[in-house]
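Observations on chain architecture
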Amino acid sequence: PECSHVDNHCLKFFDLLSYLSMRHIGIKYGIISGILGLILFCNGFAQSPLKEYKFENGLVLLMQEIHTSPLVAVQVHYHVGSKDEQLGLSGVNGICARLYQKGTPLYPEGEYARIIQAGGGTTIAVNDLDLTYFGSKVPSAQLDTVLFLEADRMQNIEPTYEKMLLARDALLRERLTNIENFIYGPLNEELFSLAYRSHPYSHPVFGWPIDMVNISF
């Protein structure tokens, strides 16, 4: 569930810091206000314990209830990332993550986002070194809808040749935007590649272009 009261604490905290800065009161009081802000932030979470449930199929559910606003945040995490890719297959995790967004027979591409946004919600999708996750933030009345949509695409993704090609092209375009057209993008990739020579963290999240072009579906 959405932690709106924690967000309010953070806003008050930053407002206080801005006020102190404008008044030139000094770093001593800035530190004190920072500690106060952290206390308020932690108290927000302390009011609602995190609950964990484990199912027979291996699914783990983590739930935290905070009823200060009628919102719910749902995230589905998969414990797989670019570190799990084999040599010569970099980018395959990113391709699969984008394939996940290409729709199912019941809900074609775009329907997932359309349904959630029509209800005032937002969506997010991230693939990283250690994990891949898909999330949404919606009014609490839409919780059943979100869970149904997630269950549908968890089971009914269609890895067709055409969709795999589209997913690969989408990843290549994102790589162009986030890596090749970003001033520090290539440098960060080379740094990770050198720093983790014997570790799978050397695999770039967006894959090496030559690997993705040569991947056979």
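These numbers were taken from a predicted model, which means no experiment stands behind them.

Okay, the overall build of the chain next. When its secondary structure is counted, the chain shows 8 helices and 5 strands. For the chain, the N- to C-terminal ordering of α and β elements is α-α-β-β-β-α-α-β-β-α-α-α-α. A burial count over the chain gives 32% of its 217 residues as buried. Sequence separation of at least 24 residues holds for 68% of the intrachain contacts in the chain that already meet a minimum separation of 6. Only carbon and sulfur atoms are counted for the fraction: they give 62% of the accessible area of the chain, which is about 13,900 Å².

What follows covers the packing of aromatic side chains. Here the structure, examined in full by the defined rule, presents 7 aromatic pairs. Each ring, one from Tyr78 and one from Tyr100, has its centre 5.8 Å from the other, and the planes form 75 degrees; the classification is edge-to-face. Here Tyr100 lies in the loop between helix H3 (92-99) and helix H4 (111-118) and Tyr78 lies in strand E3 (residues 71-78), a separation of 22 residues in the sequence. Tyr78 gets classed as partly exposed once you look at its relative accessible area, which sits at 25%. The class of Tyr100 is buried, set by a relative accessible area of 10%.

Taken in spatial order, the 3 strands make up an open sheet running E3-E5-E4, and their pairing is antiparallel. This sheet does not close on itself; its edge strands, each paired only once, are E3 and strand E4 (122-127). Neighbouring strand axes in the sheet, compared pairwise and without regard to direction, differ in orientation by 10 degrees on average. The sheet contact formed by E3 and strand E5 (residues 132-139) spans 8 bridges and is antiparallel. In the sheet register, Tyr78 faces E5, and the bridge partner there is Thr132. On top of the sheet, H3 reaches E4 and E5; it is set at about 160 degrees to E4, its chief contact. Sitting on the sheet, H4 touches E4 and E5, and the angle it makes with E4 is about 140 degrees.

With 11 residues, the main nonpolar core is built from Ile95, Leu99, Leu129, Met164, Ala167, Leu171, Ile179, Val205, Phe206, Met212 and Ile215. Secondary structure elements with two or more residues in this core: H3 and helix H6 (161-180). When residues in this core are grouped by element, the largest group, 4 residues, is from H6. Apart from the residues lying within four places of it in its own chain, the contact partners of Leu129 are Gly81, Ser82, Lys83, Phe192, Tyr201, His203 and Val205. In terms of nonpolar packing, the next biggest core, distinct from the first, is built from 8 residues, Ile115, Ile116, Val146 and Leu149 among them.

This part is about a nonpolar patch on the surface. Residues Tyr53, Phe55, Leu59 and Leu61 make up a contiguous nonpolar surface patch of about 370 Å² in total accessible area. Structurally, Leu59 is set in the loop between strand E1 (51-54) and strand E2 (60-63). Judged by relative accessible area, Leu59 falls into the partly exposed class, the value being 45%.

The subject of this paragraph is helix H5 (residues 143-156). Its 14 residues place the ends of H5 20 Å apart at the C-alpha level, agreeing with the 20 Å of an ideal helix rising 1.5 Å per residue. Val146, Leu149, Glu150, Asp152 and Arg153 are the residues of H5 that are buried. The buried residues of H5 occupy an angular sector of 160 degrees when projected down its axis, which confines them to one face. Among the exposed residues of H5, those pointing more than 90 degrees away from its buried face are Asp144 and Gln155. Looking at the buried side of H5, the elements it contacts are E3, H4 and E5.

We now examine the side chain of Asp211. Structurally, Asp211 can be placed in helix H8 (residues 209-214). Buried charge Asp211 goes without a salt bridge, the closest partner of opposite sign being Arg175 at 9.4 Å. Polar contacts involving the side chain of Asp211 include one to the side chain of Ser90, which spans 2.7 Å. Not counting chain neighbours up to four residues away, the residues in contact with Asp211 comprise Gly88, Leu89 and Ser90.

What counts and what doesn't
Residues numbered from 1 in each chain as written. Predicted model: local features only at pLDDT ≥ 70, side-chain atom pairs only at ≥ 80, totals over all residues. Heavy atoms only, no water. Helix = DSSP H or I, 4+ residues; strand = E, 2+ residues; numbered from the N terminus. Buried < 20%, exposed > 50% of the residue type's maximum accessible area, 1.4 Å probe, protein only. Contact = heavy atoms within 4.5 Å. Areas by Shrake-Rupley, 256 points an atom, 1.4 Å probe, with all protein chains shown as cover. Phe/Tyr/Trp six-rings, centres within 6.5 Å; stacked < 30°, edge-to-face > 60°. Pairing = 2+ DSSP bridges. Axes fitted to C-alpha atoms, helices over the stretch in contact; angles between N-to-C directions. Core = buried A, V, L, I, M, F, W, Y, C linked by side-chain atoms within 4.5 Å. Patch = residues over 30% accessible without salt bridge, like charges linked within 9 Å, V, L, I, M, F, W, Y side chains within 5 Å. Salt bridge = Lys/Arg side-chain N within 4 Å of Asp/Glu carboxyl O. Expected span 1.5 Å × (residues − 1). Arc of directions from axis to C-beta. Lys, Arg positive; Asp, Glu negative; His and termini not counted. Polar contact = N/O pair within 3.5 Å; in protein donor to acceptor, adjacent residues only side chain to side chain.

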